[in-house]
Amino acid sequence: MTGLAAGWQFVGFFLHLAGALACTVSAGWLLRNRRVAIPHRGWTLGALAATGAWCLAVAALGAGHGLGVALAAARDVAWIAVLYRLFAADGRHHLMQPVRPLVFSLVFVTGLQLAIALAARGTLANPDSPAFDISALLNVLVAVGALMLVHNLYAGAGPATRTLLRWPAGGLAAFWAYDLNFYTIAYLGGTLDGLAAFHGIVAGLVGAIVVFGGSAEVQGRRLSPSHAVAFRTLSLVLIGAYLVAMAILAQSLDLLGDGVQRLTQVGLLFAAVVAALYWLPSRKLRGWWKVTVIKHLFEHRYDYRTEWLRLAQTMGQAGPAQDGSDLYERATRAMAEVAESPSGLLFVPDEDGAMVLAARWNWAEIEVPPRAIPARFAAAVEKAAHIVDVEAQRARPEACDPPIDLPPWLRDLPRAWAVVPLLHFDQLRGLVVLARPPIARKLDWEDFDLLRLVGRQLASYLAERASHQALLEARQFDEFSRRIAFVMHDVKNLASQLSLLARNAERHADNPDFRADMLVTLRNSAEKLTALMNRLGRYQSAGSSSLDRVSLGALAQRVRSSLGDRGALSVIGTAGVEVLADGDALEQAIGHLVQNALDASEEGMPVYLDVSSDGVRGRIDIVDSGPGMSADFVRDGLFKPFVSSKSNGFGIGAYEARELVRAMGGRIDVDSRPGIGTRFSVTLPMFAAARIARAGGHDDSRGDGSEAA
């Protein structure tokens, strides 16, 4: 016996013991669970006993021993009886008359194994003996006949019975398919020690499949591998086919001459290395392979369980992710990963209904306009509640239902693939723009259904975040009200001080020293009251009761004069721009924005006030070259009350300026770049245009100005 044969015999010993153990456990489980609904309990127990005994005999004595041959025949007869009893599941054992002769024939052929074993007198295991070939051929016939019975059993069963027969029929088919291959190879080329070593464990596992498949928990289940398992399995198959092809080529090279053989070997090795370097790093080729497998092997493109678990894992992270992304970025990533998109953009609505960029994932190379998606487009998507196929809208917009006009920058973006609305109770919470996958494909019904469902789930996260922020702001306003109580206490003290001063003045008005002290006290009190009232004025209601003609150029000069020598402020732009506004409130708002620009700029760096007009709206820009602000801070912190980038700031000045301008029918836009600077643009309706609008029958001076902006 060679060393390799001895090694396989050692492996076969343990595998046959494992097969016997599997049969024993299966039989014990079947005896304890009386409620298992199988019509072949007694025959199955007998088949398990025969299979277990055969495994033990082979492990102890070998497959060619007479006892092993007899137990193998008993095993086959028992499993054939189980197969015949399975026909009784729907009464077909009485109707299918050809089944019985075939069963009797298989039992007869199996019985011939005993006669051959007795006649061979111990030479049955010798591949060179005629008995070996005859025995292998008879086993091939039994396996073929049994597979025919299994096919007729399952193919002719009714829909209700197939659920009961699925696992037992599959287990028996696997058992005889293994026998067919094993004995066919043995008959053609002699026994194979490797296949013989696994014979016992295969028989034991098949018995376990037949038994456990009869339980109520397993009967209704189908063996459906996941996408990942299918990809890996097919990859292994391809690798195996590649190795077989290489082995065939290696054997074929022996027929060539030495020079040609060496050259061919080097060429094949070079081609294999080039192919590996091209395939392995290529995301596009891997994507093509994945799409091809899904298209031909699966009813559905998506593994819904895997996708939902990944979505929950991405969105369920506590706080910011490890890479620093916030909820918006995680939502963008979750949507892109579900659609197998390499990148995405998330837009959220601003106060006017337009959509502004909130986050981007793996898409940093494109420039997105400040108000990227108009309110009209967002309203159309919200009303339709449909996913926008960008490529279809770009190619044939008239054929799309509903037809939606894409923003120019999105229509011209070649990588744009789909726009997914995030709807929460039919209210648009955001839009996600997805990039085209590496392997281009058209969106179908499955993409639309899954992306729509994921969009609603992500919208609930965004709605929860907005509710949390609103609650936080309400608590902050409550805290601010409590702080105002302390300010009012100071006002009361000043009022008491002035009252006392007035009473003493009646008695000591003629005293020069008292008059001097009184003037000092009055001046100090007036300065305190002025400073306090100026601060309190920021927190009052932002309404404006009187709107009149205001010259932006003159207002800019007044702001410049009020600073004196405290900052380098330059006024440029068009003269004669007159808007409809509240002069005092507008000067207060512009003054605050100018002061912020001066504070942000280095000493000596100028700040510009640029006045301009487009004929309908007047505009004044406050431009500085300071450190700038991040998009996150502009979106989430700049106009939020009590959020300030200054260590001693109240965080309410920018909020107050925006509310004052809004009350006049204007708006404030911000364009800031870190390291470059910031531009605040205040736009208001022109006085002449507002007067014409009034004459036309409607008052545009009180609107939000969103359309004209």
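Rules used throughout
- Residues numbered from 1 in each chain as written.
- Predicted model: local features only at pLDDT ≥ 70, side-chain atom pairs only at ≥ 80, totals over all residues.
- Heavy atoms only, no water.
- Pairing = 2+ DSSP bridges.
- Helix = DSSP H or I, 4+ residues; strand = E, 2+ residues; numbered from the N terminus.
- Axes fitted to C-alpha atoms, helices over the stretch in contact; angles between N-to-C directions.
- Contact = heavy atoms within 4.5 Å.
- Patch = residues over 30% accessible without salt bridge, like charges linked within 9 Å, V, L, I, M, F, W, Y side chains within 5 Å.
- Areas by Shrake-Rupley, 256 points an atom, 1.4 Å probe, with all protein chains shown as cover.
- Salt bridge = Lys/Arg side-chain N within 4 Å of Asp/Glu carboxyl O.
- Core = buried A, V, L, I, M, F, W, Y, C linked by side-chain atoms within 4.5 Å.
- Buried < 20%, exposed > 50% of the residue type's maximum accessible area, 1.4 Å probe, protein only.
- Parallel < 35°, antiparallel > 145°, perpendicular 65-115°, else oblique.
- Left-handed = near helix turned anticlockwise from the far one by under 90°.
- Nonpolar A, V, L, I, M, F, W, Y, C, P; charged D, E, K, R; others polar.

A.B. asks: Could you clarify how one ought to interpret the sheet that holds strand E7 (residues 569-573) in this entry?
C.D. replies: Strand pairing within a sheet occurs via backbone hydrogen bonds; the two strands may be parallel or antiparallel. Strand order in the open sheet made by the five strands is E7-E9-E10-E12-E11, with mixed pairing throughout. Edge positions in the sheet fall to E7 and strand E11 (667-673), since each of these pairs with one other strand and no more. The average undirected angle you get between the axes of adjacent strands in this sheet is 15°. Where helix H21 (residues 552-563) meets the sheet, its contacts fall on E7, strand E9 (607-613) and strand E10 (617-624), and the angle it forms with E7 comes to roughly 170°. Along the sheet, helix H24 (residues 653-663) contacts E11 and strand E12 (677-685); its crossing angle with E11, the most-contacted strand, is approximately 140°.

A.B. asks: Even after reading the chapter, I still don't get a nonpolar patch on the surface, so can you show me in this structure?
C.D. replies: Among the surface-exposed residues, Phe10, Val11, Phe13, Phe14, Leu17 and Leu56 lie close enough to one another that they form a single nonpolar patch of about 540 Å² accessible area. The greatest single-element share of the nonpolar patch, amounting to five residues, is contributed by helix H1 (residues 3-32).

A.B. asks: Whenever I open this one, the nonpolar core confuses me. Can you help?
C.D. replies: Across soluble globular proteins, nonpolar side chains have a tendency to be buried as a group. Counting residues in hydrophobic clusters, the biggest one holds 52 residues, and the most contacted among them are Trp54, Trp79, Leu83, Leu149, Leu153, Leu172 and Trp176. Of all elements in the fold, only H1, helix H2 (41-61), helix H3 (66-86), helix H5 (99-120), helix H6 (130-155), helix H7 (159-189) and helix H9 (199-212) reach the threshold of two or more residues within this core. Tallying contributions element by element places H6 first for this core, with ten residues. Judged by nonpolar contacts, the second largest core, of 41 residues, contains Val559, Leu609, Val661 and Val682.

A.B. asks: In this structure, what is going on with the packing of H2 against H3? I would like to understand it.
C.D. replies: Contact pair H2 / H3: the axes reach a minimum separation of 8 Å and the direction vectors enclose 160°. Of the possible angle classes, the one that applies to H2 and H3 is roughly antiparallel. Crossing geometry of H2 relative to H3 is assigned as left-handed. Here Trp43, Thr44, Gly46, Ala47, Leu48, Ala50, Thr51, Ala53, Trp54, Ala57 and Leu61 of H2 lie close against H3, whose contacting residues are Leu67, Gly68, Leu71, Ala72, Ala74, Arg75, Ala78, Trp79, Ala81, Val82 and Arg85. Tallied by class, residues from the contact of H2 with H3 come to 16 nonpolar, four polar and two charged.

A.B. asks: So what exactly am I meant to see when it comes to the packing of H2 against H9 here?
C.D. replies: Helices that pack against each other are described as a pair by the angle of their axes relative to one another and the distance between those axes. Their axes nearest at 10 Å, the elements H2 and H9 cross at an angle of 165°. Between H2 and H9, the angle is such that the two are roughly antiparallel. Read as a crossing pair, H2 and H9 show a hand that is left-handed. In contact with Thr44, Leu48, Thr51, Trp54 and Cys55 of H2, H9 contributes His199, Gly200, Ala203, Gly207 and Val211. Here the residues of the contact of H2 with H9 sort into five nonpolar, five polar and no charged.

A.B. asks: Sorry, what's going on with the sheet that holds strand E3 (residues 388-389) here?
C.D. replies: The strand order across the open sheet formed by five strands is E2-E1-E5-E4-E3, and the pairing between neighbours is antiparallel. Of all the strands in the sheet, just strand E2 (355-361) and E3 have a single pairing partner and so form its edges. Strand direction decides the pairing type here: E3 and strand E4 (residues 416-424), joined by two bridges, are antiparallel. Opposite Asp389, over in E4, you have Ala418 as the bridge partner. Lying on the sheet, helix H15 (residues 327-338) is in contact with strand E1 (344-349), E2, E4 and strand E5 (427-435); it crosses E2 at an angle near 70°. Strand contacts of helix H16 (residues 375-384): E2, E3, E4 and E5, with the helix running at about 100° to E5, the strand carrying the most contacts.

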